[in-house]
Every structure is written in C-alpha cells, then in structure tokens.
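# Examining the three-dimensional arrangement
Each chain, written out:
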Amino acid sequence: GSILVSRKPSTSLYSDLHCRKQLHLLPKSHSVTEIHPFKDLLTAAMASNTAPIKYAQRSDSLYISIALPDVKDETIDLSDKALKFKGTSEEKNYEVDIEFYEEVDSEGSTYKVLPRSVQMQVMKKEKEGDFWPRLLKDKALEKNQVKIDWDRYVDSDDEDDAGGFDMSGLEGGMGMGGGMGGGMPGMGGMGGMPG
C-alpha cells in the first residue's frame with residue numbers, strides 16, 4: 001500500500017503550517033507595516049497648516065498680513081510673481097505659497113514680524129495701474145485662503161482722499177527681495193501696530 005500514498009497529507013500540513021504562520025504574523029504585520037506608516041503619513045500631512053492671509057491695496061502697493069501670533073523661525077521668499085512663507089506659531093508649522101494676480105516689485109517691498117501677525121508692504125510693478133480685482137491669480141484659492149483687510153480697505157474711487165497705508169508699523173522692517181529668513185530675534189517686540 002505504500003505506493004498508493006498521495007502527497008495530500010503533506011500538502012495540507014504545509015497549508016496548515018502556512019496558515020498558522022500567516023495568522024501568527026498578522027498582528028505584527030498590521031502594527032509594523034500598516035498602522036505606523038499610516039500614522040507617519042497622517043502626521044506629515046498635518047505637519048504644516050495653511051496660514052490665513054488678509055490684504056488691502058492701493059494703486060501702487062499691497063498690504064498683506066499673515067494673521068498668526070508670535071511667529072518664529074520665519075522664512076519669507078518674495079519673487080516678482082509669488083510669495084512663499086514658512087514659520088511657526090504656537091508650536092504649529094504654517095506656510096503660504098501664493099501666486100499674485102499681477103507682477104510685484106520684490107526689491108522695493110518690506111516685511112516685519114509683529115506680536116499678532118506678520119505684515120508686509122508689497123509694491124506693485126505697475127505703479128500707476130488700476131486696482132487688482134483680487135490678490136491671487138487663482139480665483140478658487142483666493143476664496144479659500146484670502147480675506148479682505150477691512151481695517152485698511154479703501155475703494156479705488158476714495159484712494160485720493162484716504163492716502164497711502166499707515167506704514168508706522170513697518171518701521172525698521174526687513175527688505176524682502178531675493179528671499180529672507182532666519183527669524184530675526186526681538187523683531188516681534190519692536191512697537192508699531194498691534195496686529
């Protein structure tokens with residue numbers, strides 16, 4: 001009868017052992033290869049928040065506020081077409097990456113970190129042009145990320161009466177052309193407008 005022995009027992013034994021092996025490894029593989037990387041990805045996705053922006057404008061310039069208190073370790077890169085900002089506020093990371101509606105003069109622009117916000121005066125490249133219809137080239141992004149700074153807002157018809165922006169809060173501010181960064185020590189406490 002020995003010649004009639006099939007290989008089925010060894011196959012089922014192999015399958016049984018294989019199943020046990022899989023079952024034994026299942027909790028470990030879940031914890032190591034699925035849950036942890038997912039948490040890491042989730043953490044990475046939450047690591048940087050989009051900073052809220054407010055702005056007002058005159059025919060020759062924009063006044064942009066990043067409404068975050070006590071910003072530290074800021075990096076600001078202003079080109080003639082875009083603004084990139086990274087910084088921390090209340091132990092959270094924030095960033096801004098926007099493309100302007102039209103070109104700006106990065107060399108003539110300034111910023112300052114104040115206790116309740118980062119404020120910037122960004123000069124338009126076209127100094128005698130009309131008011132922009134919005135701040136960003138991307139209309140949908142503007143709707144989600146940008147608000148009007150009603151404290152500084154004037155209608156284009158009233159600009160002559162209202163005059164330029166009150167720049168007292170930006171005295172001693174930093175130039176912005178070519179990319180700035182590094183968290184200037186003590187910048188937040190240098191007087192000026194509160195926010």
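Residues numbered from 1 in each chain as written. Predicted model: local features only at pLDDT ≥ 70, side-chain atom pairs only at ≥ 80, totals over all residues. Heavy atoms only, no water.

## Let's talk about unusual backbone geometry
With a phi angle near 50 degrees, Glu90 is a residue other than glycine that sits in the positive phi range. Structurally, Glu90 can be placed in the loop between strand 5 (82-89) and strand 6 (92-99). The phi dihedral of Glu91 is positive, around 65 degrees, even though this residue is not glycine. Judged by relative accessible area, Glu91 falls into the exposed class, the value being 83%. (Helix = DSSP H or I, 4+ residues; strand = E, 2+ residues; numbered from the N terminus. Buried < 20%, exposed > 50% of the residue type's maximum accessible area, 1.4 Å probe, protein only.)

## Focus: a negative patch on the surface
Residues Glu102, Glu126, Glu128 and Asp130 make up a contiguous surface patch of negative charge. The topology assignment puts Glu128 in the loop between strand 8 (117-124) and helix 2 (139-145). (Patch = residues over 30% accessible without salt bridge, like charges linked within 9 Å, V, L, I, M, F, W, Y side chains within 5 Å. Areas by Shrake-Rupley, 256 points an atom, 1.4 Å probe, with all protein chains shown as cover. Salt bridge = Lys/Arg side-chain N within 4 Å of Asp/Glu carboxyl O. Lys, Arg positive; Asp, Glu negative; His and termini not counted. Charge placed at Lys NZ, Arg CZ, Asp CG, Glu CD.)

## Some details on the packing of aromatic side chains
All chains considered together, the criterion is met by three aromatic pairs. Summarising the aromatic geometry, the rings of Tyr101 and Trp132 are spaced 6.2 Å apart at their centres and angled 45 degrees between planes, so their arrangement reads as tilted. Remark: Trp132 occurs in the loop between strand 8 and helix 2 and Tyr101 occurs in the loop between strand 6 and strand 7 (104-114); sequence separation between them is 31 residues. In textbook terms, an aromatic cluster arises when at least three aromatic residues are bridged by ring pairs, as seen for Phe100, Tyr101 and Trp132. (Phe/Tyr/Trp six-rings, centres within 6.5 Å; stacked < 30°, edge-to-face > 60°.)

## Structural notes on the environment of Gln145
Residue placement: Gln145 occurs in helix 2. A relative accessible area of 10% means that Gln145 is categorised as buried.

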